[in-house]
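Spelled out, the chains give:
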Amino acid sequence: MIVAVIANLGISVAKIVAALLTGSASMWAEAAHSVADTGNEVLLFIGLRKSEKGPDADRPFGYGQERYFWAFLAALGIFLVGGTLSIGEGIRSLLLPEPVESLWVGVGVLVVAAGFEAYSWHTARKELKQAAAERQRTISEHLAKASDPSATTVFLEDTAALVGLAVALIALLLHAWTGWAAWDAIGSVLIGVLLIAVAFLLARRSKALLLEEAAPDDVVDPIRRRVSSEDWVAEPATVHAVYMGPTHLLVNIRATPRNDDIPAADLIARSSRLRKELLADPSIAQVTLTLE
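Residues numbered from 1 in each chain as written. Predicted model: local features only at pLDDT ≥ 70, side-chain atom pairs only at ≥ 80, totals over all residues. Heavy atoms only, no water.

You'll find the protein chain entered in an unreviewed UniProt entry as Cation diffusion facilitator transporter, with Paractinoplanes ferrugineus given as the organism. For the protein chain, the Subcellular location (unreviewed entry) comment in UniProt is given as "Membrane". (UniProt positions renumbered as here; feature names shortened; annotations may be inferred.)

Structure follows, in structure tokens:
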């Protein structure tokens, strides 16, 4: 991730220089986009490091939710730095149009940046596809249900970056060929709208995880089947689970004994054994088992 931060920082500097030379609003929008991406990589890195801390007296279930908080801040960064500044630059360009200068400098920077972003996008998609396959999901399903917002953020950022670069390149060329500055301004506004849409999607997912949204069915169903497989448990057992971090679940089970004549001591021993077996799964941090 440190390499990604350095690469994004270099792309940001190159885009800023190109924007100064060309005077292009779309180029300024892309510069703001890259600055936001660089800041977001730093925020995700902080969240990753903080979330690795183990449980302690203050956080008995660990610090996994730190990743959700910092991912939410990254979404705000995309909105404030990338989205609003891009739209503002587009409006400024409409009111105070400027001619395009040093056209091929801008084109060259956009093409080189597209190469770096395409490689990053390919890597992020490969990792996301692998994680989705492990859960037997499509990529779109995994984007909506993933418990780790970091991978989702990187993939959506890279996707938005590629689309934004294409928009900026088209807008820059149309501005240069037609002499109509509105093309450049429209490109800047479109990039801003794109970034705001991405920020909304990321913020919504981080919010759901922070507010302890129920884990999806494909995560809960195996636990429910395991509980129901016990010969002393009457079906259906009620199982709820929430994420306390990208890889840690807090599980709450309410089960009814199949027979009323099972001795209390035997029920306690059986429920204790079931709880220990569930906790053997490294993805389960805590199990609360209530007999009804």
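J.: Tell me what's going on with the overall build of the protein chain, and back it up with residues and numbers.
T.: On a plain count of helices and strands, the protein chain comes out with 9 helices and 3 strands. Ordered by position from the N terminus, the helices and strands of the protein chain form the series α-α-α-α-α-α-α-α-β-β-α-β. Radius of gyration (C-alpha) of the protein chain: 25 Å, far over the 19 Å computed for a compact globule of 292 residues. With the C-alpha coordinates aligned to their principal axes, the bounding extent of the protein chain is approximately 90 × 35 × 30 Å. The buried share among the 292 residues of the protein chain stands at 43%. When contacts within the protein chain are restricted to residue pairs at least 6 apart in sequence, long-range pairs at least 24 apart make up 74% of them. Of the roughly 14,700 Å² that the protein chain leaves accessible, carbon and sulfur atoms contribute 65%. Each charge class in the protein chain was averaged separately, 25 positive and 32 negative side chains, and the resulting centres sit 4 Å apart. (Helix = DSSP H or I, 4+ residues; strand = E, 2+ residues; numbered from the N terminus. Rg over C-alpha atoms; globule rule 2.2 N^0.38 Å. Buried < 20%, exposed > 50% of the residue type's maximum accessible area, 1.4 Å probe, protein only. Contact = heavy atoms within 4.5 Å. Areas by Shrake-Rupley, 256 points an atom, 1.4 Å probe, with all protein chains shown as cover. Lys, Arg positive; Asp, Glu negative; His and termini not counted. Charge placed at Lys NZ, Arg CZ, Asp CG, Glu CD.)

J.: Please set out the pairing of strand β3 (residues 284-291) residue by residue, giving values where relevant.
T.: Here 7 bridges tie strand β2 (residues 248-257) to β3, and the two strands are oriented parallel to one another. Opposite Ile253, over in β3, you have Leu289 as the bridge partner. In this fold, β2 hands off to helix α9 (residues 264-279), which returns the chain to β3; that crossover is right-handed. (Pairing = 2+ DSSP bridges. Right-handed = clockwise from strand over helix to strand, strands pointing away.)

J.: Pulling in residues and values, what's your account of the side chain of Asp37?
T.: Here Asp37 shows up in helix α2 (residues 25-51). Residues contacting Asp37, with those up to four places away along its chain left out, are Asn8, Glu157 and Ala161.

J.: Tell me what's going on with the confidence of the model for the protein chain, and back it up with residues and numbers.
T.: For the protein chain, per-residue confidence averages 88 on the pLDDT scale, and 99% of positions sit at 70 or higher. Taken element by element, the predicted model of the protein chain shows its lowest mean pLDDT in helix α1 (residues 2-22) (81) and its highest in helix α7 (residues 182-210) (92). (pLDDT = per-residue confidence, 0-100.)

J.: I'd like to hear about α9, residue by residue, with values.
T.: Side chains that are three or four residues apart share a direction in an α-helix, a result of its 3.6 residues per turn. Relative to the 22 Å expected for 16 residues at 1.5 Å per residue, α9 spans 22 Å between its end C-alpha atoms, a close match to the ideal helical length. Residues of α9 that are buried: Leu267, Ser271, Leu274 and Leu278. Take α9 and look down its axis: the buried residues cluster within an arc of 60°, on one side only. Turned more than 90 degrees away from the buried face of α9, the exposed residues are Ala265, Ile268 and Lys276. Buried-residue contacts for α9 involve α8 (217-228), β2 and β3. (Expected span 1.5 Å × (residues − 1). Arc of directions from axis to C-beta.)

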